[in-house]
Amino acid sequence: MRMRSVGGSLVLAAAALALSAHAAAGQGYRGWTSSNVRYVGMRPVTQESVARDLVVEGADGLTYQGHPVFCLSGASCTYFAALDTEHAFTGSQDVGVTAWGLGLQGLSFTALVRARARIGGDFIWPRSDDDFDAMLAYAQLDRGRLRARLGRQENLSGLGFRGYDGASVAMEVLPELSVEGYGGRSLVRGLNEPRQEALKGLVDFFPNRDAWIVGASANVRLDGRTSADLQYQREILDDRSGLLSERASLDVRTGVFEPVMVTASVDYDVAFDRMGKSHVTASYALPGPPVVVQLTGRRYVPYFDLSTIWGFFSPVPYHEVIVRGSWSGTAATAWLSGGARSYGETDTPVILSPLESDAWILEAGGVWPASERLTVEASYDLRWGVGAFLSSGEATVRFRPREDLDIAIQATSLQQFQEFRVGEGRIWGGGGTVGFIVSDRIRLDGGLSIFRHADEGRQIQDPWSQLRGWSALRLEFGSEPGTTGRRFRR
Amino acid sequence: MKTLWVVGAALLLWPAPGQALMAPQDQVLDTFPHALHEGMFPLCTGCHGGVPTGELERFYPDAATCVRCHELRGVEGVTWSGREPGTLVSNLAFAHEVHGAAVSATGDAELVCATCHTAEGGGRMDVDPLSADVCVSCHGHPAQRHTQDAECATCHVPLAESGLPLERIDAMRPPRDHFSGAFAAGAHGAALAGNEFRCSTCHTRQLCTACHVDADRSEIQSFPAAPADMRLPEARSRYPTPESHASEDFEWEHGALSEETSCATCHTRDDCASCHLPPLPAAAGELRRRSEVVAPGVGLSVDVPSSHESPHFLGEHPALAIPDMASCQSCHTSAFCVECHEGPGQPEFHPPNFVAEHAASAWNQTAECSTCHDAQAFCRSCHVQSGFAADGRLGPGYHDAEPLWLLRHAQAARQSLESCASCHSQRNCLQCHSTVGAFQVNPHGRDFDAKRAQEKNPGVCFACHSTNPIGGGGP
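1. With respect to the overall build of chain B
Item 1. Summing up its helical and strand segments, chain B has 25 helices and zero strands in all.
Item 2. Here chain B holds 475 residues, and 33% of them are scored as buried.
Item 3. Looking at chain B alone, contacts between residues at least 24 apart form 66% of all its contacts between residues at least 6 apart.

2. Some details on the overall build of chain A
Item 1. Broken down by element type, chain A carries two helices and 27 strands.
Item 2. For the C-alpha atoms alone, the extent of chain A along its principal axes is close to 80 × 65 × 55 Å.
Item 3. Restricting to contacts in chain A with at least 6 residues of sequence separation, those with at least 24 account for 52%.

3. Section: the interface of chain A and chain B
Item 1. At the junction of the two partners, chain A supplies 129 residues and chain B supplies 98 residues.
Item 2. Class assignment of the residues belonging to the side of chain A that touches chain B gives a composition of 60 nonpolar, 45 polar and 24 charged.

4. So, the pairing of strand β26 (residues 442–453) of chain A
All names here are of chain A.
Item 1. The sheet contact formed by strand β25 (residues 425–439) and β26 spans twelve bridges and is antiparallel. Its bridge partner lying in β26, tryptophan 428 is registered against arginine 452.
Item 2. Here β25 folds back onto β26 in antiparallel fashion, the turn holding two residues.
Item 3. By the bridge criterion, twelve bridges tie β26 to strand β27 (residues 464–478) in an arrangement that is antiparallel. Bridge pairing in β27 links arginine 452 to serine 465.

5. Overview of the sheet that holds strand β4 (residues 61–64) of chain A
All names here are of chain A.
Item 1. On the basis of which strands lie adjacent, the open sheet formed by five strands has the order β2-β6-β5-β4-β3 and antiparallel pairing. Each of the sheet's edge strands pairs with one partner strand only, and the pair in question is β2 (45–51) and β3 (56–58). Adjacent strand axes in the sheet meet at a mean angle of 40° when their direction is disregarded.
Item 2. With three bridges joining them, β3 and β4 adopt antiparallel strand pairing. By the bridge assignment, glycine 58 is partnered in β4 with glycine 61.

6. Re the confidence of the model for chain A
Residues and elements named next belong to chain A.
Item 1. When pLDDT is averaged along chain A, the result is 85, and 90% of the positions lie at 70 or above.
Item 2. Contacts from residues 15–26, a stretch scored under 50 in pLDDT, to residues over four places away or in other chains number 20 contacts.
Item 3. Note that pLDDT drops below 50 for residues 481–490; the model gives that stretch 32 contacts with residues more than four away or on any other chain.

7. Focus on helix α20 (residues 354–363) of chain B
Item 1. Here α20 of chain B has its buried residues at Glu357, Ala359, Ala360, Ser361, Ala362 and Trp363 of chain B.
Item 2. Those residues of α20 of chain B that are buried are in contact with β22 (374–384), β23 (389–402) and β24 (405–417) of chain A together with α23 (417–423) of chain B.

8. Observations concerning the pairing of strand β18 (residues 291–300) of chain A
Residues and elements named next belong to chain A.
Item 1. Taken together, the eight bridges between strand β17 (residues 274–285) and β18 define a ladder with antiparallel strand orientation. Note that in β18 the partner of histidine 279 across the bridge is arginine 298.
Item 2. Sheet topology note: the β18/strand β19 (residues 318–328) ladder contains ten bridges and is antiparallel. In the sheet register, threonine 296 faces β19, and the bridge partner there is isoleucine 322.

9. Looking at the domain arrangement of chain A
Item 1. Taken domain by domain, chain A consists of domain 1 (45–82) and domain 2 (316–474).
Item 2. Taking the mean C-alpha position of each, domain 1 of chain A and domain 2 of chain A sit 33 Å from one another.

10. Some points on the environment of leucine 300 of chain B
Residues and elements named next belong to chain B.
Item 1. Relative to the helices and strands, leucine 300 resides in the loop between α16 (282–285) and α17 (313–321).
Item 2. Put simply, leucine 300 and cysteine 275 are 25 residues apart on the chain and 8.9 Å apart in space, counted from C-alpha to C-alpha.
Item 3. Contact partners of leucine 300, with chain neighbours within four places excluded, come to Asp271 and Ser274.

11. A word on unusual backbone geometry
Item 1. Between glutamate 258 of chain A and proline 259 of chain A the backbone carries a cis peptide bond, its omega angle lying at 10°.
Item 2. Counting through the fold element by element, proline 259 of chain A comes out in the loop between β15 (243–257) and β16 (260–269).
Item 3. Here leucine 352 of chain A, not a glycine, exhibits a phi torsion of approximately 65°, which is positive.
Item 4. Within the secondary structure, leucine 352 of chain A sits in the loop between β20 (333–343) and β21 (358–369).
Item 5. Even without being glycine, glutamine 440 of chain B reaches a positive phi, approximately 50°.
Item 6. In this structure, glutamine 440 of chain B sits in the loop between α24 (426–430) and α25 (450–456).

12. A short note on the nonpolar core
Item 1. By size, the foremost hydrophobic cluster in this structure holds 58 residues, and its most contacted members are Ile309 and Ala388 of chain A.
Item 2. No other element matches the five residues that helix α21 (residues 375–385) of chain B contributes to this core.
Item 3. Ignoring anything within four residues of it in the chain, the contact list for isoleucine 309 of chain A reads Gln426, Cys429, Val460, Ala463 and Cys464 of chain B.

13. Quick notes on the confidence of the model for chain B
Residues and elements named next belong to chain B.
Item 1. This prediction gives chain B a mean pLDDT of 77; 83% of its residues lie at or above 70.
Item 2. Within chain B, the lowest mean pLDDT, 31, falls on helix α1 (residues 5–13), and the highest, 92, falls on helix α7 (residues 159–162).
Item 3. The low-confidence segment residues 1–30 (pLDDT under 50) makes 94 contacts with residues lying over four places distant or belonging to another chain.
Item 4. Here the predicted complex scores 0.72 on pTM and 0.83 on ipTM.

14. Quick look at helix α19 (residues 334–341) of chain B
Item 1. Among the residues of α19 of chain B, Ser334, Ala335, Val338 and Glu339 of chain B are the ones counted as buried. Down the axis of α19 of chain B, the smallest arc covering the buried residues is 145°, so these residues share one side.

15. Here we look at the environment of glycine 478 of chain A
Residues and elements named next belong to chain A.
Item 1. Tracing the backbone through its elements, the reader meets glycine 478 in strand β27.
Item 2. The exposure class assigned to glycine 478 is partly exposed, which follows from the 16 C-beta atoms found within 10 Å.
Item 3. Taking C-alpha positions, glycine 478 is 5.3 Å from tyrosine 29, a pair spaced 449 residues apart along the chain.
Item 4. In contact with glycine 478, not counting residues within four places along its chain, are Gly28, Tyr29, Arg30 and Gly31.

16. Some words on the environment of leucine 244 of chain A
Residues and elements named next belong to chain A.
Item 1. Residue placement: leucine 244 occurs in strand β15.
Item 2. The spatial distance from the C-alpha of leucine 244 to the C-alpha of serine 157 is 18 Å, given a sequence separation of 87 residues.
Item 3. When sequence neighbours within four positions are dropped, the list of residues in contact with leucine 244 reads Ala211, Glu235, Ile236, Leu237, Asp305, Leu306 and Ser307.

Quick notes on the rules
Residues numbered from 1 in each chain as written. Chains lettered and ligands numbered in written order. Predicted model: local features only at pLDDT ≥ 70, side-chain atom pairs only at ≥ 80, totals over all residues. Helix = DSSP H or I, 4+ residues; strand = E, 2+ residues; numbered from the N terminus. Buried ≥ 20, exposed ≤ 12 C-beta atoms within 10 Å, placed from the backbone. Contact = placed C-beta atoms within 7 Å. Nonpolar A, V, L, I, M, F, W, Y, C, P; charged D, E, K, R; others polar. Pairing = 2+ DSSP bridges. Axes fitted to C-alpha atoms, helices over the stretch in contact; angles between N-to-C directions. pLDDT = per-residue confidence, 0-100. Domains from an automatic or database assignment. Core = buried A, V, L, I, M, F, W, Y, C linked by C-beta atoms within 7 Å. Arc of directions from axis to C-beta.

Spelled out as structure tokens, the structure:
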């Protein structure tokens with residue numbers, strides 16, 4: 001039961017509060033709520049079959065009513081066709097709150113919960129049927145160089161975001177060195193729910209068990225110019241029958257090569273005994289003109305835990321070089337970046353000829369503040385990838401007639417080929433957003449856009465118009481002490 | 001009172017009156033050779049006719065009077081060119097006509113001039129520079145230190161009313177008690193209380209408002225202000241850090257310690273807003289806005305790191321944040337990160353048309369979707385809904401640009417396994433890639449360490465293998 005796990009987290013978090021029951025009345029709290037409503041029209045596709053004698057063979061290959069058709073045996077053929085438009089109309093309600101002054105110096109409680117609801121429509125938007133999530137729910141004791149947390153919390157490191165129900169203790173051993181240890185029940189990445197709740201029924205060969213996570217990190221800061229974070233993390237099934245993951249990462253940022261700033265990272269999959277993703281970026285701000293040049297070398301290979309077969313299929317990394325340049329003058333800001341990528345040797349059989357293994361990326365954009373209240377933004381994105389292609393441009397005119405009102409009109413156009421699929425997708429669209437600051441505690445945003453989908457070539461669907469809309473009402477409440485946690489180094 | 005400690009800092013930089021207030025004026029008076037003219041003038045008022053009546057323009061003779069007499073006697077060397085009335089400006093609460101009238105009652109007006117303006121034991125024309133000691137010799141002075149203990153108002157008018165030129169204000173020297181650190185750090189406020197005239201003798205309100213952001217407080221508003229056209233020494237604002245701020249716990253405790261009178265001296269509401277998000281704490285609401293004050297104040301500001309202004313910041317921020325979370329935590333809590341990284345809280349996190357174009361980013365693994373999304377639980381659930389998920393049928397299926405896709409997909413799969421997992425279930429693959437599948441194709445790469453994998457998690461081997469593949473363990 002989902003509610004049971006959330007309740008467990010809250011009980012864990014409340015345990016620390018109980019220690020100070022003599023002064024249970026909070027002296028302060030601060031929080032926000034965000035009420036979101038979204039609508040999107042979707043047009044699912046389905047795979048249909050058609051008799052071979054109805055299929056036409058032409059310059060575009062085999063087609064049926066313009067749809068590309070695949071015929072395996074000659075007796076029956078299949079093709080993808082679009083269904084009628086379906087509608088997804090969902091709502092979500094977020095509440096985040098931090099309370100302090102709980103009778104013990106440095107003790108606070110933080111929670112971030114989300115409720116979801118399907119308001120209407122027959123298309124089930126991802127997770128819209130997941131009624132309630134507690135993303136954060138922990139008590140924190142922050143005393144001098146020590147910080148302890150108990151409850152549902154999240155760890156951010158070079159290994160990504162990982163949530164867990166448990167405890168963490170961090171300590172600033174020296175001004176230059178902080179260490180942290182944590183452990184508890186592991187939550188599924190990105191879902192923040194225990195494995196049994198989140199994955200059962202979704203994943204084949206699911207071990208039907210929860211998992212424990214333990215980890216430690218050390219953060220070093222040297223002479224104000226260099227910092228490094230070393231992380232080790234291990235997940236194990238709760239019956240100790242096997243590991244789910246065992247990984248380590250090192251992230252470094254240094255200014256010792258001033259004026260060049262360097263960031264670098266690398267992670268290592270101990271369980272599979274192979275390198276994970278890594279990158280090194282050198283940034284150089286030219287003296288005088290507001291120009292920044294960046295050079296990035298990147299290696300990426302996806303990470304899979306040991307509970308699925310995917311990691312055993314030996315994914316290969318790609319290596320990428322990206323050069324970026326940006327200019328930020330008083331009259332305008334502009335940027336341009338380009339990159340080339342090459343995939344590693346896959347060691348797979350070559351039939352006829354090898355597939356593509358190179359890719360290119362190009363991005364460009366600019367912001368022009370035409371006046372104090374009018375800004376024009378434009379960007380272009382080209383991804384010439386392996387088996388897929390995207391060329392996308394966007395332009396936005398942002399108008400702020402008053403300090404409390406922000407209006408934006410957007411236009412977009414994109415063209416894409418999807419994964420090794422024949423057919424060119426073209427989309428034109430436009431829309432607008434409005435942001436209105438009702439008061440210093442209330443903000444209302446909304447947007448409406450329409451996209452015209454017009455496949456060309458061997459198409460799946462006839463041209464159709466997609467409507468999307470959203471609104472968000474954000475309300476802040478409480479007072480003091482704001483967002484700072486500056487005394488705590490990590 | 002520690003609230004006025006700030007003013008002291010400026011006092012250190014602004015020369016204040018010293019021991020000889022009349023020194024510049026005296027130097028001018030001393031230039032006339034009175035002794036050489038002895039016997040020529042029976043009365044002092046022959047040249048200084050305006051003194052008894054207070055007429056400044058007749059305090060001194062004009063140059064023509066001197067020249068006329070010198071020419072008559074054939075004497076050269078008259079350099080006197082007259083005296084500007086402005087040079088007679090003084091901050092003394094003294095008027096010759098008043099003083100003269102009082103002394104005239106004694107019947108010996110000539111004696112009155114010589115009493116103050118001649119050296120002791122000298123003749124009437126043996127004029128000496130005038131000093132405060134002369135006044136004190138008759139009137140008495142109970143203070144031990146002229147600039148510290150005296151009742152200033154007895155002899156002086158406030159500086160703001162004196163009209164003293166800048167040069168003479170600059171020549172003033174600060175009293176000894178102004179040099180102490182305690183005076184600068186707040187003692188000057190206590191010194192002011194009940195003794196406002198001592199401060200205003202040498203200072204104007206403009207000095208207070210140069211540092212105090214709460215210049216509208218009553219003590220300052222009641223302090224005499226110099227006229228707009230009066231030239232004053234430049235007052236530089238300085239805000240030495242109070243001892244309380246150096247405490248290790250100050251950041252935690254400053255809210256409880258805050259009171260308007262102590263914070264408002266140096267801080268505006270904008271300083272609070274540099275750390276606190278609106279709505280600001282109640283104590284901040286009592287402070288002035290920066291736009292409302294004259295003094296600059298401490299001037300804390302929201303110091304947005306330059307990295308945040310880069311157009312690439314969204315993509316770069318993980319690399320910046322992870323090795324130095326402390327920097328991020330100076331302003332952001334973990335809840336701030338989670339607002340975006342946990343999905344739909346902020347609709348603008350992905351651009352409005354992201355669903356339409358996300359395929360290329362995902363397939364090319366540029367976006368690193370798995371940072372926030374689980375491919376099986378998130379991506380595939382939507383792909384199933386929208387008809388893009390594989391149903392397990394063998395053939396090119398969706399990837400119809402490659403007629404021999406089934407035979408050629410291995411390379412693409414190893415290059416983009418993340419995307420495969422977003423549409424395909426594991427069972428799809430095991431139709432061929434398992435020991436009980438149709439073709440029993442080994443999916444493991446050349447460097448695959450089967451023994452190590454089995455040691456780590458023996459259970460997963462049996463997803464594909466019906467028996468223990470290497471004998472290293474079992475279900």
